[in-house]
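Observations on chain architecture
Spelled out, the chains give:
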Amino acid sequence: MTIKEYLNRPYHIVIQYITDETGSYYYAYVSELAGCMCQGSSYAEAYEKIQEAMKEWIEARLAAGAPVPEPVDERQFSGRIALRIPKTLHGQLAMEAKREGISINQYLLYKLSG
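Conventions and cut-offs
Residues numbered from 1 in each chain as written. Predicted model: local features only at pLDDT ≥ 70, side-chain atom pairs only at ≥ 80, totals over all residues. Heavy atoms only, no water. Salt bridge = Lys/Arg side-chain N within 4 Å of Asp/Glu carboxyl O. Helix = DSSP H or I, 4+ residues; strand = E, 2+ residues; numbered from the N terminus. Buried < 20%, exposed > 50% of the residue type's maximum accessible area, 1.4 Å probe, protein only. Pairing = 2+ DSSP bridges.

Using the criterion set out here, one finds four salt bridges in the structure. Between E70 and R9 there is a salt bridge; the shortest N-O distance is 2.5 Å. Residue E70 is located in the loop between α2 (43-63) and α3 (87-100), and its partner R9 is located in the loop between α1 (3-7) and β1 (13-20); the two are separated by 61 residues in the primary sequence. One salt bridge in this structure joins K49 and E45, with 3.5 Å as the shortest N-O distance. Note that K49 and E45 are positioned in helix α2 at a spacing of four residues, about one turn of the helix. Residue classification places K49 among the partly exposed positions, given a relative accessible area of 39%. A relative accessible area of 28% means that E45 is categorised as partly exposed.

What follows is the structure, encoded as structure tokens:
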């Protein structure tokens with residue numbers, strides 16, 4: 001597969017606006033390509049730079065004879081997880097959800113996404 005073919009695959013590019021002690025900027029990374037990241041002063045600049053970073057990241061992997069990860073197909077996830085937990089933890093979570101006035105599923109989603 002060529003570099004161009006890899007770059008045309010549906011990798012998940014994430015661009016976030018960040019404000020911290022160093023200032024404000026756009027931080028971009030590719031979820032499937034560990035360590036493939038950059039930043040820019042605008043969304044467009046971050047997007048342009050992440051495209052170049054992806055190209056260089058993939059070229060380096062291929063030159064080293066290492067595999068390039070496949071893009072993640074989100075259709076493979078149902079949104080359901082079966083999880084066994086201790087009864088005491090289940091009770092604690094149920095009470096916290098009730099205090100918040102929401103279902104235990106909503107409460108767990110809140111806790112996991114925070």
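With that out of the way, let us pick up the pairing of strand β2 (residues 23-30). Relative to β2, β1 runs antiparallel, the two being bridged by eight bridges. Pairing of Y17 across the sheet is with Y26, part of β2. In this structure, the hairpin formed by β1 and β2 is closed by a connection of two residues. Sheet topology places β2 next to strand β3 (residues 37-40); four bridges connect them, and they run antiparallel. Bridge pairing links Y29 to M37 in β3. With antiparallel pairing between neighbouring strands as the criterion, β2 and β3 make up a hairpin whose turn holds six residues, including G35 at a positive phi of roughly 90°.

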